[in-house]
Every structure is written in C-alpha cells, then in structure tokens.
Amino acid sequence: MATDAALRADVRLARPPRRWYTQLWAHVLIAMVLGIVLGHYAPALGAKMQILGDAFIKAIRVVIAPIIFCTVVHGIARMSDMARVGRVALKALIYFEVLTTIALIIGLVMVNVLRPGVGMNVDLSQVDTSSVQGYIAQTHHQDVASFLIDIIPNTFVGAFAEGQVLQVLFIAVLCGFALTWLGARAQPLVNLIDTVSHMFFGIVHIIMWTAPLGAFGAIAFTVGRFGLSSLQSLGWVLGGFYVTCLIFIFGVLAPIARFCGFSLIKLLGYIWEELLIVLATTSSEAVLPRLMKKLEAAGCEESVVGLVVPTGYSFNLDGTCLYLVTAAVFLAQATNTPLDLSRQIGLILILLLTSKGAAGVAGAAFVVLAATLASSGSIPVTSVALVLGIHRLMSEGLTPTNLIGNAVATIVVAKWENALDTAKLEAALEGSLDPDEI
C-alpha cells in the first residue's frame, strides 16, 4: 500500500506545471514595475500609494504573534525534550552572534575602503535637522539588563497585544514546557493548537494574494517620495552599501551553505517570492509566517523553525548590522568626526547590543541608528538627517539580506541539530514541491 508521501509525489507528477503568470512572484514583480512607473511619472500620486503597502504589512502583523505562539508551543510539546530545546536555542544564539559580528566587521572594512563620506565636509549648523527630531526623541540608552528585562511582558495578553516577537516567544516557550510536563493529559490541547496554527496559516495564504497591491503601493511611494535625486546626491554610499550586502551574501552565507550541503543560489530561487515582497515593502516581517512554513516544507523540523526564525528576527539581522555600521562611519566621515581604530571597535561593541533592538519592521533600523550614535557619544546624533532621504533606499538592501541570513541560519541550525530532512530540502531547492502544498 502506497504511503501518503508517495501518493502526494504521484499527484505532483500527474499535475501539469503551473504557468509563470499564475504564480505570486510574477504578480508581485509586475506590481513593482507598475509602482516604479507610477512613482517616476506621477510622484505625488505615487507617494499617496503608501497606504497600500502599510495596509498589507499591518494585515500580516495581525497573525504573526499567534503563529509564532502556536508553532513554538506545538513544536516543543512534540519534541518532549527540554534539554534539546535549550541546546537548539544555544546553538542558534552562538551562530547569530558569530554571523552578526562578521557582518559588522565586513561593513566596517568596506566603509573604510570606499570612504563615501570623505570630502563632504558637512556643517551641521547648515543642515535642517527638524525632520529627524522625532526619531532622536525615540532613542534611549539600552544596557544588557534592560534589554533582557524587556523580553518579559508585563502581562500574558500584553505580549500578543503589543506584537513583540521576543515576548511572544518567551511566553510560547513557557507554555511548551508546561504542556510537556503535563504529558498525555495535554495532548487534546496540543492537537487544538496545531489546528489553530493551520487556521492562521490559512489566513496568511489569503492575505498573501494581496501582496501585489502592497508591493505596488510601497514601491510607488519609495520612487515617488524620494525619486532619483536621492540616488544622485548620495549614490556613492548607497551603491557601496549594496555591494557590501552582496559581498556578505555571496562571500559569507554562500560558503556556509555549501559547507552544509546546499546551494545558496537554489535557496534564493526557493524563497524568490518572499524576496520580492521584502524588496518592495522593505519589511522582512511581512513574510515571516510564510518563511516559517517554507522552511518546514524544506525539511527543517517544526520545533527548530519555531525557535530559530522568530529569534533570528531580533538577533540575526545581518543586513541591519551592515547598514548601521556603514551609516555610522559614513556620518563620521561626512562631518569630519575623528574616528580612530579604537573608537571604531567601540562602535562595533555598541552595535552588537543596539542592533538586537531592530526588529524586521520598516523604519526601525533608522531609530536604532540614532540610538547608536547617541550611545557612542562622538558622532553627532543630528547627523542622521544626512541619510534620512536614502534610508528607505538602503532598506532595499538590508531587509533582503536579513531574510536570506535567517533562512540560511535555520537550515544550518537544523542540520547542526540533526533535525533536517535532506531529501525534502533537495526536493524543495530543486523546485519539486507544489507551492499549493506549502
């Protein structure tokens, strides 16, 4: 008698391949092109389309907290080994710290080699900084203790109401452990949580078909609001940052992927739709639920995905680290602020903490940049006004880098923990999976 997996394989072979124009990535790509055209030729109208992008991201955020909760609780309850949960979390955190440190070092080296701010000789007294006062007001000095205490929510429900990923993850881990201790008595609740999880992923599936509208609105706003003038005035730092992101992706992540037995290029093809959505909306949070489901379909155990992906959205922001160190040193160069090697090393140490406060939300990295400058005490905080005009354009590089980094991290930790089905991973990366089954 054929197994369920064999039957699904037979169905896939019998089913004709989907035409490209019926797939989500094609719709998103067409929407992005239309958004660029609208933003370029009718910038005022294009800027008004921001509401579409914001609405799409807001709709996705509604389901992120319950999806993380259900996935983590169900994964831990099924794992029924608390020591293993701790081991997975520890391995993930070690990997995250190593990779973000490498990202900071690469960003620091590149900005010192390219020196995009040297010669600008900016006099901040002649720069209008009123537009960034709101961001500066949000900055605050954050030490390790306050960062850790913020992970614990004020109330159980408050974690979901505020949508803080780490707080929801904290609650989910506690609930998962509690259900594990209850044993067989908890099984009905575990089954219910699994059913609820599928319901929320069904909601995501519905929302994702509005992604082309979100992509259209977000890209039309970016082009209409900032246009080509931002590229012309600060094109050197922008181009250098994109190159730095590519160096990190193909110079660091690609060898790691190869060492773990999979191709980064094929992985990029597997998450192509998510990359396009992130590129358009500049928010990696917009595809968090879908990324989790795709990584599960690619052979990573549910428990590993549930722990690594949400944690990575706060602790493994490789692209954000590249952005923060590039922008900070650029501003020092542009304002002729002395920044010797010891101060640059100190800046990296500060960024190792402040970068953890930048979730995958559009615009959060800019607030963290202002907070980093405030913590450094040497680079003028008001100098962030110089990069306000190109921040969204720099986000076109940092958010896809964050997404790719977290996808690679999940597969690496799953393989490290012997929680990876390599046959499924190979089938996914070769395009053998039916998107409707994911």
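So, a few notes on the structure that sits alongside this text. (Residues numbered from 1 in each chain as written. Predicted model: local features only at pLDDT ≥ 70, side-chain atom pairs only at ≥ 80, totals over all residues. Heavy atoms only, no water.)

Structural notes on the overall build of the chain
Okay, so step 1: When its secondary structure is counted, the chain shows 22 helices and zero strands.
Okay, so step 2: Buried residues in the chain amount to 54% of all 438 residues.
Okay, so step 3: The long-range share in the chain, meaning contacts at least 24 apart out of those at least 6 apart in sequence, stands at 85%.
Okay, so step 4: Total accessible area computed for the chain in this model is approximately 19,100 Å², and 66% of it derives from carbon and sulfur atoms. (Helix = DSSP H or I, 4+ residues; strand = E, 2+ residues; numbered from the N terminus. Buried < 20%, exposed > 50% of the residue type's maximum accessible area, 1.4 Å probe, protein only. Contact = heavy atoms within 4.5 Å. Areas by Shrake-Rupley, 256 points an atom, 1.4 Å probe, with all protein chains shown as cover.)

Considering the packing of aromatic side chains
Okay, so step 1: Tallying each qualifying case throughout the model produces five aromatic pairs.
Okay, so step 2: Considering the side-chain rings of Tyr95 and Phe96, the 6.4 Å spacing of their centres and the 70° angle between planes classify their relative orientation as edge-to-face. As far as burial versus exposure is concerned, Tyr95 and Phe96 are alike and both buried.
Okay, so step 3: Ring centres of Phe156 and Phe160 lie 6.0 Å apart, and the angle between their planes is 35°; this geometry places the pair in the tilted category. Placement of both Phe156 and Phe160 in helix α8 (residues 156–162) is noted, with a separation of four residues, approximately one turn of the helix.
Okay, so step 4: Three or more aromatic residues joined by ring pairs form one cluster here, namely Phe69, Phe156 and Phe160.
Okay, so step 5: The ring of Phe201 carries Lys293 above its face, with NZ or CZ at 4.5 Å from the centroid.
Okay, so step 6: Sitting over the face of the ring of Tyr270, Lys294 holds its NZ or CZ atom 5.1 Å from the ring centroid. (Phe/Tyr/Trp six-rings, centres within 6.5 Å; stacked < 30°, edge-to-face > 60°. Lys NZ or Arg CZ within 6 Å of the ring centre and 35° of its normal.)

A few points about empty space enclosed by the protein
Okay, so step 1: Within the structure shown, the criterion is met by two cavities of 30 Å³ or more.
Okay, so step 2: What the second largest cavity holds in volume is close to 50 Å³.
Okay, so step 3: Lining the second largest cavity are Met110, Val111, Leu114, Pro116, Val237, Gly240, Phe241, Thr244 and Thr326.
Okay, so step 4: Per-element tally for the lining of the second largest cavity: the top contributor is helix α13 (residues 235–259), with four residues.
Okay, so step 5: The residue makeup of the lining of the second largest cavity, split by class, is six nonpolar, three polar and no charged. (1 Å grid on protein atoms, 1.4 Å probe; cavity = no way out; pocket = protein on both sides within 12 Å on 5 of 7 lines; lining within 4 Å. Points joined across faces, edges and corners; volume = space filled by probe spheres on them. Nonpolar A, V, L, I, M, F, W, Y, C, P; charged D, E, K, R; others polar.)

Description of the packing of helix α4 (residues 50–79) against helix α10 (residues 187–208)
Okay, so step 1: The geometry of α4 relative to α10 is characterised by a closest axis approach of 9 Å and an angle of 155° between their N-to-C directions. Of the possible angle classes, the one that applies to α4 and α10 is roughly antiparallel. Crossing geometry of α4 relative to α10 is assigned as left-handed. The residues of α10 that touch α4, namely those facing Phe56, Ala59, Ile60, Val63, Pro66, Ile67, Cys70, Thr71, Val73, His74 and Ala77, are Val190, Ile193, Asp194, Val196, Ser197, Phe200, Phe201, Ile203, Val204, Ile207 and Met208. (Axes fitted to C-alpha atoms, helices over the stretch in contact; angles between N-to-C directions. Parallel < 35°, antiparallel > 145°, perpendicular 65-115°, else oblique. Left-handed = near helix turned anticlockwise from the far one by under 90°.)

Looking at the side chain of Asn402
Okay, so step 1: Looking at the element boundaries, Asn402 is found in helix α21 (residues 388–416).
Okay, so step 2: Among the residues examined, Asn402 registers a relative accessible area of 2% and is labelled buried.
Okay, so step 3: In this structure Asn402 touches Leu317, Asp318, Gly319 and Thr320, once residues within four positions along its chain are discounted.

Concerning the nonpolar core
Okay, so step 1: Counting residues in each nonpolar core, the largest one holds 137 residues, and the members touching the most others are Leu264 and Tyr323.
Okay, so step 2: Not counting residues up to four positions away in its chain, the partners in contact with Leu264 are Ile249, Phe250, Leu253, Ala254, Ala257, Ile404 and Val408.
Okay, so step 3: Of all hydrophobic cores here, the second largest spans five residues; its members include Ala31, Leu38, Phe216 and Ala220. (Core = buried A, V, L, I, M, F, W, Y, C linked by side-chain atoms within 4.5 Å.)

Side note on helix α19 (residues 341–354)
Okay, so step 1: Compared with an ideal rise of 1.5 Å per residue, which puts 14 residues at 20 Å, α19 spans 20 Å between its outermost C-alpha atoms and is within 8% of the ideal.
Okay, so step 2: Regarding α19, the residues found buried are Gln344, Leu347, Ile348, Leu351, Leu352, Leu353 and Thr354. (Expected span 1.5 Å × (residues − 1).)

Notes on the pattern of salt bridges
Okay, so step 1: In the structure shown here, the tally under the stated rule is nine salt bridges.
Okay, so step 2: With its nearest N and O atoms 3.2 Å apart, the salt bridge here joins Glu301 to Arg84. One end of the pair, Glu301, is in the loop between α16 (288–297) and α17 (302–315); the other, Arg84, is in helix α5 (residues 82–114), with 217 residues separating them in the sequence.
Okay, so step 3: With a shortest N-O distance of 2.3 Å, Arg290 and Glu274 are connected by a salt bridge. With Arg290 in helix α16 and Glu274 in helix α15 (residues 272–281), the pair connects residues that are 16 residues apart, well separated along the chain. Each member of the pair, Arg290 as well as Glu274, carries the same accessibility label: buried.
Okay, so step 4: Through salt bridges that share partners, Arg84, Arg87, Lys91, Glu301 and Glu417 make up one connected network. (Salt bridge = Lys/Arg side-chain N within 4 Å of Asp/Glu carboxyl O.)

The values are spatial; any link to function lies outside them.
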